[in-house]
Amino acid sequence: MPTPNTTIKVLFLCTGNSCRSQMAEGWARHLKADVIEPYSAGIEKHGMNPLAVKVMAEAGVDIAGQRSKTVAELGPMEFDYVVPVCGHANEHCPLFPGKAKVVHVGFDDPPKLTAALPDGEAKLAIYRRVRDQIRVFIETLPGALPERNRQMDKESVRQTVREGYSKIAVSDSTSCGSGVSCCGSSAEAAEELVRHIGYSSDDLAVLPEGANMGLSCGNPTAIASLQPGEVVLDLGAGGGFDVFIAGRKVGATGRAIGVDMTAEMLTKARRNSAAYTQQTGLNNVEFRLGEIEHLPVADASVDVVISNCVINLSPDKPQVWREIARVLKPGGRVAVSDLALLRPLPQAVREMAQALVGCVAGAALVSDTERMAREAGLTDIVLKSKPKYVEAMTDWEDPLYRKIVEHLPAGAKPSEYITSLEVQARKSASKVDYSAAVNELVAIGAAIAVNCEPCLKHHYHEAQQLGVSKADMARAVKTGAGVKDSPHQAILRLAERLTGAGLCKPMDSSDPCCGSQTASAPPDGGKCCN
Ligand SMILES: C[S@@+](CC[C@H](N)C(=O)[O-])C[C@H]1O[C@@H](n2cnc3c(N)ncnc32)[C@H](O)[C@@H]1O
């Protein structure tokens, strides 16, 4: 992250490098010369746009001396940030071939918007509007750059994943290689795979044709102990594979709901559900279009959340776990299968788009998975590593796994890095909602009490993400400070009396620390702390 006293090199890119990128360079030079070293370029040079020069001059910024140039003319220069400033919905922004963080910021294209207008005030008004919008953006730099970059990264991950699965949904062949990994497979290979990971003949008996696309890496319905009458939600349902299996288990009085963000998958699943109803006589499944980070499902309405090889694909996994906790009824449970990491993958694997769509590159560490579920407020978390899936992918020479091997240190196996993971957890049945926000507030207080600066920073950030107010955080800080200032023994004694936590050792009742009871606290039974 740039610090205020460091100059960062920023390249503003646009198609013609005649108007918006030139204005951005001009504003950055004018307003931020102490922190930004600005450049601009385009796909092809169009020369300086005279109206852009005019409206910038009106605002006191002279860009007449700037030169329109192509990216190639910049030579082998390195930048900290590349900021394409074209409106990305309508135009193709130029690609920057070098290494730099890319932060897209779309502005309207004044020449295009004013092409049909006569010269004069109406035309200039549009140039002035875009000029002022660019100024507002430049004023937020450099602070806004890393944040915008993070947002954009998330969106491009989602886009890559969606495109990958959309291709898989509409074709019978595979998208990330003709294998059986999370990238899809032939019907025979898909059946062999799911039998290998524990699906029974009974599970597969009345499955609509094409519902099993070989995209699974575990068997969540096997660990979910589904009961008739329950409501089950499948995150990233694909063609509906686990939804149909769950639907039969919960029966006519239950419901199985699948959510998926890829429209083509949804079309496939809905088509499959007609065959499911015909074969089983059940009308208890439905499919909803949506992202698992923003589930289209009411609070506390689901008995069991299942998911099969999907959460690894999410660019915001903590948010997925919070959504799981939100939609579960009190006492509801989680049965998730996913790929997870036993240790970090080499950079080259993390950067392979094929490995992202193939459920590997985005996978979280096992320990992080546990933490995210816990921080979302879930309890009774049990993780089980299931090495069979990754071993099979490697033995069957799945093309994705063959490629992964190429990027691992000599002799290393994918199963030393990647595992299929079963996650079981539960939402507390307590009437009180110990929500993720409350957890963060308690953690903020604890960070103060134990004087842990990194803990405070982490939990402050998490609480902010959850929308916790500064006033509530201030109260938690005050409580933590109060705890810190209290004599340690006294607070342990009080904690034991209030919670029955068994922290104190029995002592001679004549000891002065014993026996101080208040009306609101239970008696200490002659125990106190030493
Ligand atoms: C590997 S496939 C698994 C499909 C299915 N669970 C199965 O086992 O056959 C991943 C599925 O998750 C969906 N998906 C990925 N990321 C998602 C997200 N953030 N929100 C909703 N769906 C997502 C994809 O569209 C795809 O259908």
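Here, the structure is the one placed above.
Only a predicted model underlies this, so the values are computations on that prediction, with no experimental measurement involved.

**Q** With reference to specific residues and values, describe the overall build of the protein chain.
**A** Each helix and strand in the protein chain was counted, giving 20 helices and 11 strands. Taken across its 530 residues, the protein chain has 49% of its residues classed as buried. Residue pairs in contact within the protein chain that sit at least 24 positions apart in sequence constitute 72% of those at least 6 positions apart. In the structure as shown, the protein chain presents an accessible area of about 24800 Å², 54% of it carried by carbon and sulfur atoms.

**Q** Residues and numbers for the side chain of D242, please.
**A** On the secondary structure map, D242 appears in helix α9 (residues 241–250). Although D242 lies buried, it forms no salt bridge, and the closest oppositely charged side chain, K249, sits 8.7 Å away as judged by the N-O distance. Looking at D242, its side chain comes within polar contact range of the side chain of Y199, at 2.6 Å. Beyond its immediate stretch of four places on either side in the chain, D242 contacts Y199, P220, T221, D234, I306 and N308.

**Q** How would you sum up the site of the ligand? Please name residues and give values.
**A** The local shell around the ligand holds 22 residues, among which S216, G236, D260, T262 and I292 are the closest. Residue T262 places a side-chain N or O atom 2.6 Å away from an oxygen atom belonging to the ligand. One nitrogen or oxygen atom from the main chain of I292 is found 3.0 Å from a nitrogen atom belonging to the ligand. Contact with the protein chains removes 100% of the 590 Å² of surface that the ligand exposes when unbound. More than half of the atoms of the ligand fall within 2 Å of the grid points belonging to the largest cavity. Of the residues belonging to the shell around the ligand, the class tally is 13 nonpolar, 6 polar and 3 charged.

**Q** Requested: an account of the pattern of salt bridges, with residues and values cited.
**A** Within this structure, the stated rule accounts for 33 salt bridges. In this structure, R128 and E58 form a salt bridge, with 2.7 Å as the shortest nitrogen-oxygen distance. Placement of the pair is R128 in helix α4 (residues 121–139) and E58 in helix α2 (residues 50–58), with a sequence separation of 70 residues. A salt bridge links E155 to R158, with the shortest nitrogen-to-oxygen separation between them at 3.5 Å. With E155 and R158 both in helix α5 (residues 144–170), this residue pair falls 3 residues apart, about one helical turn. Among the charged side chains, a network of salt bridges with common partners joins E58, E121, R128, R131 and D132.

**Q** A description of the pairing of strand β7 (residues 285–289) should follow, citing residues and the corresponding values.
**A** Walk down a regular strand and you will see the side chains alternate between the two sheet faces. In the sheet, strand β6 (residues 255–260) pairs with β7 via 5 bridges, with the strands oriented parallel. Residue pairing for β7: V259 is matched across the bridge by R288. After leaving β6, the chain enters helix α10 (residues 263–280) and then returns to the sheet as β7, a path that is right-handed.

**Q** Hey, could you go over the sheet that holds strand β2 (residues 36–42) for me, with residue numbers and the actual values?
**A** Sheet strands pair via backbone hydrogen bonds, and the direction of the pair is either parallel or antiparallel. Spatially, 4 strands are ordered β2-β1-β3-β4 in an open sheet, and the strand pairing comes out parallel. Where the open sheet ends on each side, the last strands, each with one partner, are β2 and β4 (101–102).

**Q** Any details on the nonpolar core? Residues and values, ideally.
**A** Y165, L339, V360, Y389, Y401 and I418 are the most contacted members of the largest nonpolar core, which totals 61 residues. If near-sequence neighbours (up to four positions away) are discounted, I418 is found in contact with L339, A340, L341, L342, L345, V360, V390, Y401 and I404. Formed by 32 residues, the second largest nonpolar core is a distinct cluster that contains Y81, V85, L124 and I134.

**Q** Account for the state of the cysteines, naming residues and giving values.
**A** Inspection of every chain in the model, using the stated rule, returns 2 disulfides. Here C217 is linked by a disulfide to C309, with a sulfur-sulfur distance of 2.2 Å. What sets the handedness of the C217 and C309 disulfide is the S-S torsion sign, and at about 120° it is right-handed. One end of the pair, C217, is in the loop between α7 (201–205) and α8 (220–223); the other, C309, is in the loop between β8 (302–308) and α11 (317–327), and 92 residues separate them in sequence. Residue C217 is classed as buried on the basis of its relative accessible area, which comes to 1%. Looking at C309, the relative accessible area reads 2%, which means it is buried. One disulfide bridge connects C452 with C455, the sulfur atoms lying 2.0 Å from each other. Of note, the bridge from C452 to C455 carries an S-S torsion of about 75° and is right-handed in sense.

**Q** Explain α4 residue by residue, including any values.
**A** Between its terminal C-alpha atoms α4 stretches 26 Å, which fits the 27 Å expected from 19 residues at 1.5 Å a residue. What α4 keeps buried is the set K123, L124, I126, Y127, R128, V130, R131, I134, F137 and I138.

**Q** How would you explain empty space enclosed by the protein if you had to name every residue and give the values?
**A** Taken as a whole, this structure holds 3 cavities of 30 Å³ or more when the rule is applied. Of the voids in this model, the largest cavity is the one considered here, and its volume is about 400 Å³. In terms of lining residues, the largest cavity is bounded by 33 residues, among which G236, G238, D260, V310 and L313 are the most central. Listing elements by their share of the lining of the largest cavity, those giving two or more residues are α5, α9 and β6. Looking at the lining of the largest cavity, the element that brings in the most residues is α5, giving 3 residues. For the lining of the largest cavity, the class distribution of residues is 17 nonpolar, 10 polar and 6 charged. The calculated volume of the second largest cavity comes to roughly 80 Å³.

Cut-offs and rules
Residues numbered from 1 in each chain as written. Predicted model: local features only at pLDDT ≥ 70, side-chain atom pairs only at ≥ 80, totals over all residues. Heavy atoms only, no water. Helix = DSSP H or I, 4+ residues; strand = E, 2+ residues; numbered from the N terminus. Buried < 20%, exposed > 50% of the residue type's maximum accessible area, 1.4 Å probe, protein only. Contact = heavy atoms within 4.5 Å. Areas by Shrake-Rupley, 256 points an atom, 1.4 Å probe, with all protein chains shown as cover. Lys, Arg positive; Asp, Glu negative; His and termini not counted. Salt bridge = Lys/Arg side-chain N within 4 Å of Asp/Glu carboxyl O. Polar contact = N/O pair within 3.5 Å; in protein donor to acceptor, adjacent residues only side chain to side chain. Near = heavy atom within 4 Å. 1 Å grid on protein atoms, 1.4 Å probe; cavity = no way out; pocket = protein on both sides within 12 Å on 5 of 7 lines; lining within 4 Å. Sits in = over half its atoms within 2 Å of the grid points. Nonpolar A, V, L, I, M, F, W, Y, C, P; charged D, E, K, R; others polar. Pairing = 2+ DSSP bridges. Right-handed = clockwise from strand over helix to strand, strands pointing away. Core = buried A, V, L, I, M, F, W, Y, C linked by side-chain atoms within 4.5 Å. Disulfide = S-S within 2.5 Å. Expected span 1.5 Å × (residues − 1). Points joined across faces, edges and corners; volume = space filled by probe spheres on them.

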